[in-house]
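Chain by chain, the residues:
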Amino acid sequence: MTLTPEQQAEIQEARAETRPTLRVTSEGMEKRLYVAHEVLDHGLVRVIDYMGDDNAITQAARVSYGKGTKHVTNDEGLIRYLMRHWHSTPFEMCEVKFHVKLPVFVARQWIRHRTANVNEYSARYSILDREFYIPAPEHLAAQSTVNNQGRGELLQGEEAQRVLDILRDDATRAYDHYEDMLSQDGQKGLARELARMNLPANVYTQWYWKVDLHNLFHFLRLRADTHAQYEIRAYAEVMCDIVRDWVPLAYGAFEDYRMGGVNLSGKGVEALKRRLAGEVVTQENSGMSKGEWREFEGVWG
Ligand SMILES: Cc1cc2nc3c(=O)[nH]c(=O)nc-3n(C[C@H](O)[C@H](O)[C@H](O)COP(=O)(O)OP(=O)(O)OC[C@H]3O[C@@H](n4cnc5c(N)ncnc54)[C@H](O)[C@@H]3O)c2cc1C
């Protein structure tokens, strides 16, 4: 990530200005506010604003007048109960607004999460920076032979170098042409809204992304998961750390029930019960498909 000195000064200025408020604040989130967290080679995530804390969740659940109970253990128990039973609306009472800088191909996956508010940097109005995502060698992998949506072995030596050269050369050439089309020796060039169409999907864009905690947890469960592509996972993992600092009790419940928990089908429950009773259960006598059985065994052995 390369913040300009002006951008760094703006962040420092924002953090130096404090305001008295009657609203609840989260100590952990105050430390994060405005700070740019690096992701990938030029990307970032930072919190611009937030509303609520762990207490706001229990307060909404109880529809109480004041701050609610003073006992953290009561709050934790209630938050875990709400999470366990998918009583989700109290979590919607907390909101967060992020500033994210990300490659366009990551943004395409991210934007599929419709339950957020987005405002993206306008490449009709402004000129995009010469910044492209080039994977670090440890992420330059071949197509997986077993998973159509995944990566296999890392590319090595000359092959890795050849791919990196292609990525860099293509991005550089495309950006040179972008600049060239925009302005030709003082003459009026092509409109920005048209010139951008030639840029590759690894060019960086930026947006403000505002979401409530319930839908943020949904996003994180899908995108911090090992099935998600590494590049979006890198963002989700940074956001998990931020949310842990913001609402530690809610994050703890999310980590336990959603990230660490597993869903069992009716057939899965039955197979598990039979196994616990000492019966030898196989895919053939479980009633599960091969895929279901593979996933069942992946969890239960
Ligand atoms: C590992 C992985 C692989 C994927 N692969 C593909 C792929 O190959 N192709 C592809 O197109 N997408 C793919 N996706 C995207 C995926 O199908 C979802 O679009 C994305 O994860 C957003 O999920 P969502 O709709 O639940 O989230 P959100 O849009 O945030 O919605 C949250 C919840 O709100 C409700 N909701 C929101 N909008 C509506 C609506 N209009 N109608 C009814 N209910 C609504 C639903 O309950 C939804 O679960 C993939 C996602 C992941 C994580």
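Note that the coordinates shown come from a computational prediction; the quantities given were computed from them, not determined experimentally.

Definitions and cut-offs
- Every chain is numbered on its own, with residues counted from 1 as its sequence reads.
- Totals for whole chains, interfaces and linings use all residues, but because this is a predicted model, local features are given only for residues with pLDDT of at least 70 and pairs of side-chain atoms are given and counted only at 80 or more.
- Side-chain figures throughout are based on the complete set of non-hydrogen atoms in the structure, without hydrogens or water.
- What makes a residue near a molecule or strand is one non-hydrogen atom of that residue sitting within 4 Å of it.
- Each polar contact in these results corresponds to two N or O atoms within 3.5 Å; when the atoms are within protein, one needs to be able to donate a hydrogen and the other to accept it, and residues that are neighboring in sequence are counted only if both atoms are side-chain atoms.
- The method behind every accessible area is Shrake-Rupley, applied with a 1.4 Å probe, and residues are considered shielded solely by the protein chains displayed.
- All residues other than Ala, Val, Leu, Ile, Met, Phe, Trp, Tyr, Cys, Pro, Asp, Glu, Lys and Arg, Gly among them, are scored as polar; the first ten of these are nonpolar and the last four charged.
- UniProt positions are given in the numbering used here, feature names are shortened, and annotations may be inferred rather than shown by experiment.
- Comment: elements are numbered from the N terminus, with helices defined as DSSP H or I runs of at least four residues and strands as E runs of at least two.
- A contact between two residues is defined here by any heavy atoms of the two lying within 4.5 Å.
- For every residue, the accessible area obtained with a 1.4 Å probe (protein chains only) is divided by the maximum for its type, and the residue is called buried under 20%, exposed over 50%, and partly exposed between those limits.
- Here the aromatic set is Phe, Tyr and Trp, taking the six-membered ring for Trp, and pairing holds for ring centres within 6.5 Å; pairs whose planes are under 30 degrees apart are stacked, those over 60 apart are edge-to-face, and all others are tilted.

**A few points about the site of the ligand**
Neighbouring residues of the ligand: Arg112, His113, Arg114, Thr115, Gln149, His218, Leu222, Arg223 and His227. One nitrogen or oxygen atom from the side chain of His218 is found 2.6 Å from an oxygen atom belonging to the ligand. Contact with the protein chains hides 48% of the accessible area of the ligand, taken as 940 Å² for the molecule alone. Tallied by class, residues from the shell around the ligand come to 1 nonpolar, 5 polar and 3 charged.

**Regarding the UniProt feature "binding site: dUMP" (unreviewed entry) in the chain**
Here the UniProt feature "binding site: dUMP" (unreviewed entry) sits at Gln109, Trp110, Ile111, Arg112, Glu120, Tyr121, Ser122, Ala123, Arg124, Arg196 and Arg223. Spanning 115 residues, the named residues do not form one spatial group; their C-alpha atoms are separated by as much as 29.3 Å. Locating Glu120 in the fold gives a position in strand β4 (residues 117-120). Contacts of Glu120, omitting those with residues within four sequence positions, involve Thr205, Gln206 and Trp207. Tracing the chain through its elements places Arg124 in the loop between β4 and β5 (141-143). We classify Arg124 as exposed; its relative accessible area is 53%. Leaving out residues up to four positions away in the same chain, Arg124 has contacts with Arg192, Glu193 and Arg196.

**Quick notes on the packing of aromatic side chains**
In the structure shown here, the tally under the stated rule is 14 aromatic pairs. Consider the rings of Trp110 and Phe219, whose centres lie 4.9 Å apart with planes at 40 degrees: the pair is tilted. On the criterion of sequence distance, the pair formed by Trp110 in helix α5 (residues 104-110) and Phe219 in helix α8 (residues 213-223) is long-range, its members being 109 residues apart. Exposure remark for Trp110: the relative accessible area of 0% places this residue in the buried category. What makes Phe219 buried here is its relative accessible area of 1%. Centre to centre, the rings of Phe132 and Tyr175 are 6.0 Å apart; their planes meet at 80 degrees, and the pair counts as edge-to-face.

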